[in-house]
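Descriptive structure summary
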Amino acid sequence: MFTGGYAIAMAGIAICVILCGVGSAIGLYKTGSAAAGILGEDPKKFGKVLILVLLPATQGIYGFIVAIIASGGLSATNPEQIVSTMEGWAVFGQVMPMAISGLVSGFFQGKAAANCIYAVGKQESLGGKLIIYPAMIEFYAILGMLISIMLG
C-alpha cells in the first residue's frame, strides 16, 4: 500500500523532470531556430554553432539525474514501503532547486545562446569566445543540481 508521502515524493520528482525538460525544450527551440537561419545562409558554420545549440539540453539531463537520485530511496516494486507525509515533502523539497533552476536557466540560456549564434553568423571568429555567456547561465543549473543532490 503506497502512502500519501510516496505520492508527494513522486509528484515532486515528476515536476522536476517536467520543468527541466520544458526549460531545455524551450531553450533548444530558440537555439535550433537561430542555427537554422544562420546555417541556411552559410552551412560551413555548423561546427561553430553546434555547441551553442546544444547547451540548453543539459538542464533536462540534470533534472533526470536528480530524479534518479531522489527516487533511489523509493521503491515502486515494494508495496509494503511506507513513506511518511513528512518524508514525501522532504523529497519534494529536495528536487525543487533543480526543477526551478532547470526551467529558468534552460529558458534564458536558450535566449543567450541564440543571440550568440546570431553573432557567429555575422562574425564567425567569435564562435569560441561567445560560448562563455550561455555557459555562465549553465553555472546556475549546476548549482541547482548540486543543492538538490546535497539535500538528498
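Report on the accompanying structure. Just so we're clear, the structure is a prediction, and the values are computed from it rather than from any experiment.

Below, the discussion takes up the environment of Ala114. By the secondary structure assignment, Ala114 is in helix H4 (residues 85-122). A relative accessible area of 7% means that Ala114 is categorised as buried. C-alpha of Ala114 to C-alpha of Gly27: the two residues are 87 residues apart in sequence and 8.5 Å apart in space. Every residue in contact with Ala114, bar those within four places of it in the chain, is listed here: Lys30, Thr31 and Ala34.

Turning next to the packing of helix H3 (residues 58-71) against helix H6 (residues 132-151). Closest axis-to-axis distance for the H3/H6 pair is 10 Å, and the angle between their directions is 5 degrees. As the angle between them shows, H3 and H6 are arranged roughly parallel. Taken together, the residues of H6 that come into contact with H3 (itself represented by Thr58, Gln59, Tyr62, Val66 and Ile69) are Glu138, Ala141, Ile142, Met145, Ser148 and Ile149. Looking at the contact of H3 with H6 residue by residue, the classes come out as seven nonpolar, three polar and one charged.

Reading guide: rules and limits
- Per chain, residue numbering runs from 1 following the sequence as it is written.
- Given that the model is predicted, a residue must reach a pLDDT of at least 70 before its local features are reported, and side-chain atom pairs must reach 80 or more before they are shown or counted; all residues, however, enter totals for whole chains, interfaces and linings.
- The side-chain figures draw on all heavy atoms in the structure; neither hydrogens nor water molecules are used.
- Helical segments are the DSSP runs of H or I of at least four residues, strand segments are the runs of E of at least two, and each set is numbered from the N terminus.
- Type-normalised accessible area, obtained with a 1.4 Å probe on protein chains alone, sets the label of each residue: buried when under 20%, exposed when over 50%, and partly exposed for intermediate values.
- The contact criterion used throughout is that any non-hydrogen atoms of two residues lie within 4.5 Å.
- In this analysis, axes come from line fits to C-alpha atoms, helices being fitted only over the stretch in contact, and the angle between any two N-to-C directions falls in the range 0 to 180 degrees.
- Orientation categories follow fixed angle ranges, with anything under 35 degrees roughly parallel, anything over 145 roughly antiparallel, 65 to 115 roughly perpendicular, and all other angles oblique.
- Note that Gly is not counted as nonpolar here; it falls among the polar residues with everything else outside the nonpolar set of Ala, Val, Leu, Ile, Met, Phe, Trp, Tyr, Cys and Pro and the charged set of Asp, Glu, Lys and Arg.

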